[in-house]
Every structure is written in C-alpha cells, then in structure tokens.
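Descriptive analysis of the structure
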Amino acid sequence: MAITEAPKIVTARMGHPDSHTLERYLATGGYEGLRKALTMTPEAVAAEVDAASLLGRGGAGFPAGRKWSMLRKNPVSYLVVNGDESEPATFKDHLLVERDPHQLIEGVLIAAYALQVSQAFIYLRGEFALGLERVQAALNDAYDHGAVGEDIFGSGFSIDLVVHPGAGAYICGEETALIESLEGKRGFPRIKPPFFPAAIGLYGEPTVVNNVETMSNLPWIMLHGGAAFAALGEGKSTGTRLFALAGHVRHPGVFEIEMVKTTFADLIFAPVLGGGIPGDRQLKAFIPGGVSAPWFGPEQVDLPLGQDEVAGAGSMLGSGSVVVMDEDTCAVRAAWRITRFFARESCGQCTPCREGSGWLERIMARIESGHGREEDLDLLLDACDNIAPGLTWPPQQTTICVLGPSIPSSIGSAIKMFRDEFLVHIKEGGCPFG
Amino acid sequence: MTGEPPPTPAAAPVPAPAVRTRKAGGHLTPEVLDQARQLIALYPEPRSALIPLCHLAQGQDGWLCPDAIVEIADLVGLTPAEVRGTASFYDMLHTEPVGTYVVSVCTNIACLLRGAEELLEHAGASLGIGVGGTTTDGTITLEEAECLADCDRAPCVQVNHRYVGAQTPESFDRLVADLRAGARDGEVPRHGTLIRVRRSGGLRVGRDRIAAERAAMAEAKARRAAEAEKGDH
C-alpha cells in the first residue's frame, strides 16, 4: 500500500489563502464544470456522475448517481445539501465550506441542473459561523457572476440557492430530520418507509439530499469526466476522499486520499499524513468512520481505506473520520464519552434510544468512576441488545433512525477489546489510567 | 306568608378570562423586521424561516426573549408555544439570557483525548462559574459543547460560534482577558450575531417561471423518451 499521486479533486485550491474568493476560483478553472454541464442534456450530466460511481460522502455511502436516478423517474422539486456535519471527529465539510465555498456552490448548481430543480437549499450547521458567512458571500458573488439566478450563463436554466443555518442538533444530519428542521420544526427523523426523501421530502415533495463533499466533487467530475474519477480508487470505492484524522497523532487534519490504495497505517503513521503517535507510544485502538462505527485494534491497521474493505472487517468508513487512541487511553472513559454524546443528542422520539442511551451512559459513568459492579457488563450488553438486537453489524433497527442502533458500537467494541480494563475499574474501584 | 323573594344579589361580575396580554409587535426593530420579511420570502413556506428568524432575534437581543418569540410566531403564522417548542430543541437558541460571550468548550472524543476535560475544569475554576453558568458581570457564559468539527485544533473552543483554535489553560485565560478588554470584537461579535454577511437580493426565479420550467421539462423528457424508444426499434 502506498500514498498515491492521485490528483487533488476537492482540495486543489486549499493552498491559496484566498481560496474562498471568486477571483481565485475563476483563476483556477472555477465554474467551467458548470458551463460544460449546461451544454449537455441533464440526462448526460447525470450519466457522467453515474459513470464516476461517486459514493455519497455523508456517511451512508449510497451512490449519488443512484440516488438521483430514483428521482429522474419523477420530476424533483428540491435539492437540499446536507452540511450539518456533526459526527464527532468529522471536520471535512468544515474545510470545504470555509475554504472553497464556490466549489460547493458550483457542485450544487450542476446537481440542480441534472435534476432540473429550480430551488436548492444549502443547510449548514449553525456553529459554522464563518462557513455560513463565506458561503453566503460566495453565493452573492455567484449571483452577480451570472452563475445563479435566472437564465444562468445564458443557458435558459434558472435556479435559486438559499443558505440555511441550523441551530445546533446532531440529529439534523439525518436527512429526514434535516428536512424537518428546514421546514422550521424540531429535528425529528421521519418514520420510514419511504426510506429516501425521494418520494416525500421537503414540504412533502420529491427531494434529493446530498452531502457537502459529494457536491464538491461534481465540478471536477464534469470537467474531467466520470471515467477519470472512476479510474481512481478501486472497486466500489472510486475517486479520492477526505479523511479527517484526529486524536493521538502528530499531525491531525483533513487529508484527501485516493480510496482503497492507502491504508489506515499510512494515514496514521506516514510522515506526510498523520505522522504517527506523539511520544512514540503504541496504537491502542482507532475508530475508522465516526463514533457510530465499531472500533478497530492494531491488527486492522493495514486495512485499506475503502468502503467495502472496512465493512467486510465489521465496521464502516462512515463519515471518513479516524480517531486514534494511544496506549495510555482509558477505553472505558472513551466509550463513556461517546455514549454520553448519544444520550445528549437522542431526539427522544423512540424509547430504545431515549431511555437506552441514558441507561448506558449512567452505567458507563459509574464503572468509570469506580462504582461499577461486575454484573454491569452483562447489564450494558443487555441494554445494548435492546437497542440493536443481536448486536450485529450493521445493527438491527429498532428505532426510526440509525442514531439509536449506533449507540452500542463503542460500548460493544470497548467491552470486546478491553474487557480487562472494565474489570480493573470495577475491582479496584477506579481508573488505572488515573 | 307572602313576601317578595329575597332579591337576587346583583350578579357578581364574571371575571374576564385570563388573556394573553402580550401582543405581537414592537419588540423587533424595524430593521430586523425588514430582514425577517426578506428571509421569509426565500422559502416556499414561512415556517421554514423559523430558525433563521430566531438567529436574527438573538442577534438583536443576545438571546431569544419571550417578546421576540411572540413576534416571530406572528411572522411565520405559528403560536408562541410552537416557536418556543421548536427553539428549545436546538442548543444554539437560548431562551434564557446568556453572557455577551458564550464560550463553548468541546469535550467530545477527539478533544477528550487532547485534554478537553482539564481545560473545561480550568475554565470553570478560572471564571468562577459552573458549566452553563454566566459570570456575575454578564460577560461570559461557559458551555460544554459536543463536537464542533475543528478536531485538528483540539481541545476545540468557540466563542459565539467563532473558532478560536486549540486552547491550553494559560491561553484560555488570555483569551478571556482579551474578550473582556474588547480586544477581539472585530473577530467575535457579541453573542447572537451569527451571520454578518447579508444575502444580496431575494429569489430571482419567479413562481410562474418555475411552473413553466417544470412543464417544459416534463414535455422535453417525454419527447426524449419517445425518441429514445423510436431509436430502439
């Protein structure tokens, strides 16, 4: 495995301090992908994205082209961009919205043209104050430039874009919750089916929801062709992808990496990427795709960064965030903190998630603080089993959305990999890591 | 025995039912109201503007006060309870007053691994308040946040949702001193001001245009499908 010389598709401009401006964007091929798309039929644009086999970059990894094709049978009313990035340790969309807002806007316009929608919304989490300002400023410039609005670039196609701020709720990253939130309601995920907002979305009309990174890939795909994108990566995981690396590494950050060709070991240890663990401590465990994903240990570090490869090993590439824990990390504390996150962010609609997350958090807290009981381990697993029966991967669904069944991942991983640590906490009445 | 029935006592005045005396209007400034109406016009349904309007009201007052809630409800055609019930779902909308600067310290996993709990503890001790508390001078509110998506600069801190980079206990104290001295006012507006860049202009694509486009699109699609079918034979 190696770090390849694959082109930078979504981070090409990031080296420029003015990468967010229209001037820089136009000087580096900006809006050329859109101009090209507008000379093609919408079907041909969609076919190009199909040919790229672009997997959605939000977390579920559903092919963007297929999401669109479900819609092409019926006219689509709205396109909504999911920029609610809140999965812990995921910070790639943060980079894209702040540093290259025009690339995002151009991607949205290409998608809107392919889907023939006249109104699209960019939903950004409210905590992205600078990102919201940058995207709004870029959008104002794009309107003035003739890229958005009526009869864009003289093509006859008209489209309005609206930047919409969220207000702080993890659950709004779930696409049906995001739609509810965009309708001015609490972010309560909607009951499935329908499994996609394709049929009944925003205001009950057919809607496509795509992630910021997914959209940001489209200008390059239009300019270079879907085949060029599909030539990168391997198998189902085509192109490059942004990986957000955090935790115990020398150089945490967002890296654009060719899919599958590079391994977790490369990402964590390569001097040009993560640079290894500070103090040359040993790797204890890592989370491969956001805190909803089961953990991996050092024995899985040579797995390639590919969707199927990680799924085959019992976890998921998810949101593309990798959290590294060194040997001095308390696994119980780490799992407890993740559990507390879910307990706080559960929207409260479904009993297994609302009650289960609180139970799990309290049991984990008492073990971590040295007040646990030996039977607590079974109690934890039993509660987990009530949320995601059988504790399989991917988990069984007992709730409206996947937040609930994601809760057991970290607890199950920590117990499976570090059972002894739980027992030490319980028997010695405290944390061995201090 | 005859006699007049005892006179019925004069009917006691029926107490008027308790009515909401607070009337919508007058709290939001004309400028904010104008911005609110422009925002509402961006959406197919007024309610969609609810969160942006709550941010606007917070921009005026620093928090979402009851008078603003009533006025927002009126603007988007909801009851104040519906507005409050929605607003209270979201962490960034404060239905109680907060300080001029809301300092959010993330303690989620990536920050936890890099000393966030120690930082939060220091912050509380240094400010003399607990998590969720506000300093007596009303300057600083301390919050413990979930992941703020700035994990390469952990432990991550935001002030009024502006990233201020990874903080140590020492740098945190300097940050607070700067905030109190107003030294960061350019970069960190007072709490509630979220988006300082205004949208230039409203929607450009008229509703008639949208309807016409949709009809033309459906027609073109049918024509292409028919042609493709012809081509197949």
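Details of the structure are given in the entry above.
The present account deals with the structure reproduced in this document. For clarity, every value in this text was computed on a predicted model and none was experimentally measured.

Some words on the sheet that holds strand β4 (residues 207-211) of chain A
Residues and elements named next belong to chain A. Strand order in the open sheet formed by four strands is β3-β2-β1-β4, and the pairing between neighbours is parallel. Every other strand in the sheet has two partners, leaving β3 (160-165) and β4 as the edge strands with one partner each. Taking the axes of each pair of neighbouring strands and ignoring which way they run, one obtains an average angle of 20 degrees across the sheet. Sheet topology places strand β1 (residues 78-83) next to strand β2 (residues 119-124); six bridges connect them, and they run parallel. Counted as the bridge partner of Y78 is Q119 from β2. Running over the sheet, helix α8 (residues 175-182) touches β1, β2, β3 and β4 and is turned about 105 degrees from β2.

A short note on the environment of A199(A)
Residue and element names in this part refer to chain A. Topologically, A199 is positioned in the loop between α8 and β4. Placed 165 residues apart in sequence, A199 and M364 show a C-alpha to C-alpha distance of 41 Å. Those residues in contact with A199, other than ones at most four positions away along the chain, are P194, G204, E205 and P206.

Focus: the pattern of salt bridges
All names here are of chain A. Per the stated rule, a full pass over the model turns up 32 salt bridges over all chains. A salt bridge links K284 to E421, with the nearest nitrogen and oxygen atoms 2.4 Å apart. Of this pair, K284 sits in strand β9 (residues 283-287) while E421 sits in helix α18 (residues 408-428), and the two are 137 residues apart along the sequence. You can call K284 buried: its relative accessible area is 10%.

Here we look at the packing of aromatic side chains
Counting across every chain of the model gives 16 aromatic pairs over all chains. With 6.3 Å between their ring centres and 65 degrees between their planes, Y170(A) and F342(A) make a pair best called edge-to-face. Here Y170(A), found in the loop between β3 and α8, pairs with F342(A), found in helix α14 (residues 331-345); they are 172 residues apart in sequence, far enough to count as distant. The residues Y170(A) and F342(A) share a single accessibility class, namely buried. Aromatic ring contacts, followed pair by pair, group Y78(A), F121(A), Y203(A) and Y43(B) into a single cluster. The ring of F62(A) has R66(A) sitting right over it, with the charged end atom 5.0 Å from the ring centre. Taking the ring centre of F243(A) as reference, the NZ or CZ of R241(A) above it sits at 5.9 Å.

Some words on helix α7 (residues 169-181) of chain B
All names here are of chain B. With 13 residues, α7 should cover 18 Å at 1.5 Å per step; its first-to-last C-alpha distance of 19 Å lies within 8% of that length. Buried residues of α7: S171, F172, L175, V176 and L179, and no others. Along α7, the residues classed as buried sweep out an arc of 145 degrees about the axis, all on the same side. Across from the buried face of α7, at angles greater than 90 degrees, the exposed residues are E170, R174 and A181. The elements touched by buried residues of α7 are β1 (101-106), α6 (116-127), β2 (140-145) and β3 (157-159). Just downstream of α7, G182 is the residue with a positive phi angle, here 75 degrees.

Examining the interface of chain B and chain A
Listed per partner, the contact involves 55 residues of chain B and 81 residues of chain A. Here chain B packs against chain A, burying approximately 5700 Å² in sum over the two surfaces, 55% of which is carbon and sulfur. Here chain B and chain A share seven salt bridges between them. With its nearest N and O atoms 2.9 Å apart, the salt bridge here joins E146(B) to R344(A). Joining chain B to chain A, the criterion identifies 33 residue pairs in polar contact (both at pLDDT 80 or more). Going through the elements one at a time, α2 (50-61), α4 (80-87), α5 (109-112), β2, β4 (162-163) and α8 (207-232) of chain B are the ones with two or more residues in the side of chain B that touches chain A. The leading source of residues in the side of chain B that touches chain A is α8(B), at seven residues.

Considering the state of the cysteines
Residues and elements named next belong to chain A. Taken as a whole and assessed by the stated rule, the structure comprises zero disulfides over all chains. Looking at C172, it has no disulfide partner, and the nearest cysteine sulfur is the one in C347, 9.4 Å off. We note that C347 lacks a disulfide partner, and the nearest cysteine sulfur, in C350, lies 6.3 Å from it.

Details of the nonpolar core
All names here are of chain A. Counting residues in hydrophobic clusters, the biggest one holds 167 residues, and the most contacted among them are W68, I105, W295 and L380. Top element by residues in this core is helix α6 (residues 101-115). It accounts for ten residues. Beyond its immediate sequence surroundings of up to four residues, L380 is in contact with L360, I363, M364, I367, I411, I415 and F422. In terms of nonpolar packing, the next biggest core, distinct from the first, is built from 24 residues, F243, I257, F286 and V301 among them.

Considering unusual backbone geometry
With an omega dihedral of -5 degrees, the bond running from W393(A) to P394(A) counts as a cis peptide bond. Mapped onto the elements of the fold, P394(A) is located in the loop between α16 (376-387) and α17 (403-406). Following A154(B), the chain continues into P155(B) via a peptide bond in cis, with omega recorded as -5 degrees. Relative to the helices and strands, P155(B) resides in the loop between β2 and β3. Although it is not a glycine, Y203(A) adopts a positive phi angle of roughly 55 degrees. With respect to the helices and strands, the residue Y203(A) is situated in the loop between α8 and β4.

The rules behind the values
Residues numbered from 1 in each chain as written. Chains lettered and ligands numbered in written order. Predicted model: local features only at pLDDT ≥ 70, side-chain atom pairs only at ≥ 80, totals over all residues. Heavy atoms only, no water. Pairing = 2+ DSSP bridges. Helix = DSSP H or I, 4+ residues; strand = E, 2+ residues; numbered from the N terminus. Axes fitted to C-alpha atoms, helices over the stretch in contact; angles between N-to-C directions. Contact = heavy atoms within 4.5 Å. Salt bridge = Lys/Arg side-chain N within 4 Å of Asp/Glu carboxyl O. Buried < 20%, exposed > 50% of the residue type's maximum accessible area, 1.4 Å probe, protein only. Phe/Tyr/Trp six-rings, centres within 6.5 Å; stacked < 30°, edge-to-face > 60°. Lys NZ or Arg CZ within 6 Å of the ring centre and 35° of its normal. Expected span 1.5 Å × (residues − 1). Arc of directions from axis to C-beta. Buried area = accessible area lost by both parts, 1.4 Å probe. Polar contact = N/O pair within 3.5 Å; in protein donor to acceptor, adjacent residues only side chain to side chain. Disulfide = S-S within 2.5 Å. Core = buried A, V, L, I, M, F, W, Y, C linked by side-chain atoms within 4.5 Å.

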